[in-house]
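Per-entry structural report
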Amino acid sequence: MADSFQFELVSPERLLLSGSVTSVVIPASEGEMTVMANHAPTMTTINPGIVTVTFVDGKTDRYVVFGGFADILPSGCTLLAESAVHVDEISRDDIVKRIDVARGELEAALNDEHRAGIERYIAQLGTVQGTILPA
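Everything numeric in this text was worked out from a predicted model, so none of it was measured.

This brings us to the overall build of the protein. Summing up its helical and strand segments, the protein has two helices and nine strands in all. N-terminal to C-terminal, the α/β element order of the protein is β-β-β-β-β-β-β-β-β-α-α. Here the C-alpha atoms of the protein give a radius of gyration of 16 Å, agreeing with the 14 Å that 2.2 N^0.38 yields for 135 residues. When the backbone C-alpha atoms are referred to their principal axes, the protein occupies close to 50 × 30 × 25 Å. Restricting the contact set of the protein to residue pairs at least 6 apart, pairs at least 24 apart contribute 50%. Of the roughly 7,400 Å² of accessible surface on the protein, a fraction of 52% belongs to carbon and sulfur atoms. If the 9 positive side-chain charges of the protein are averaged to one point and the 19 negative ones to another, these points end up 6 Å apart.

Opposite charge on two side chains lets them pair, provided their charged atoms get close. One pass over the full model with this rule turns up two salt bridges. Arginine 14 is paired through a salt bridge with glutamate 89; the nearest N and O atoms lie 3.4 Å apart. Here arginine 14 is found in the loop between strand E1 (5–10) and strand E2 (15–28), whereas its partner glutamate 89 is found in the loop between strand E9 (84–86) and helix H1 (92–107), with 75 residues between them in sequence. Looking at arginine 14, the relative accessible area reads 42%, which means it is partly exposed. Across the pair aspartate 112 and arginine 115 runs a salt bridge whose closest N-O atoms are separated by 3.0 Å. Taken together, the residues span about one helical turn, with aspartate 112 and arginine 115 both in helix H2 (residues 112–132) at a distance of three residues. Looking at aspartate 112, the relative accessible area reads 61%, which means it is exposed.

All right, on to the pairing of strand E5 (residues 49–55) then. By the criterion of burial, E5 is predominantly enclosed, with five of the seven residues buried. Of the strand pairs in this sheet, E2 and E5 are connected by four bridges, and their pairing is antiparallel. Counted as the bridge partner of valine 25 is threonine 52 from E5. When E5 meets strand E6 (residues 60–65), the two strands line up antiparallel, connected through six bridges. By the bridge assignment, threonine 52 is partnered in E6 with arginine 62. Here E5 folds back onto E6 in antiparallel fashion, the turn holding four residues, of which glycine 58 has a positive phi close to 95 degrees.

Definitions and cut-offs
Residues numbered from 1 in each chain as written. Predicted model: local features only at pLDDT ≥ 70, side-chain atom pairs only at ≥ 80, totals over all residues. Heavy atoms only, no water. Helix = DSSP H or I, 4+ residues; strand = E, 2+ residues; numbered from the N terminus. Rg over C-alpha atoms; globule rule 2.2 N^0.38 Å. Contact = heavy atoms within 4.5 Å. Areas by Shrake-Rupley, 256 points an atom, 1.4 Å probe, with all protein chains shown as cover. Lys, Arg positive; Asp, Glu negative; His and termini not counted. Charge placed at Lys NZ, Arg CZ, Asp CG, Glu CD. Salt bridge = Lys/Arg side-chain N within 4 Å of Asp/Glu carboxyl O. Buried < 20%, exposed > 50% of the residue type's maximum accessible area, 1.4 Å probe, protein only. Pairing = 2+ DSSP bridges.

Given below as C-alpha cells:
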C-alpha cells in the first residue's frame, strides 16, 4: 500500500478538498505530474486541466482547475486554483464562456508574447473541453 499524504485543493470561493490521499495528478505548466508522499519540494504553476485524486481507500475523484499554483512538500500538497470545480459540476457552457472571454482578450492583446499566452490558454481550454465533455 502506498504512503499517504495531506492534499488540499483551494479556490478563491472555497476549500474543495482536504484529506489524506495516495496520489494526485496535476496539470503542471511543465506537463502532467503525479505527486505522491515524500515528493521532493516543488512549486509549480498550474495549467487549465484535470486534477485526479486517489484516496487512501483506492477511490478516485476529479476536479477541473483553471490555473493557479501548487506547493508540494514531502508531507503534503496544496493546490491554490484560480478557479476550480468538481468535474460533475462543469458544463459545456462554462468552458465555452471562458473560451469566448479569452478570444475577446486575444483581440486586445498588446504584443505577440501576450497573444501567444492567450492562444495557449484557449488551446488548453479546448483540451479540457474535449477531455471531460466529449462531443
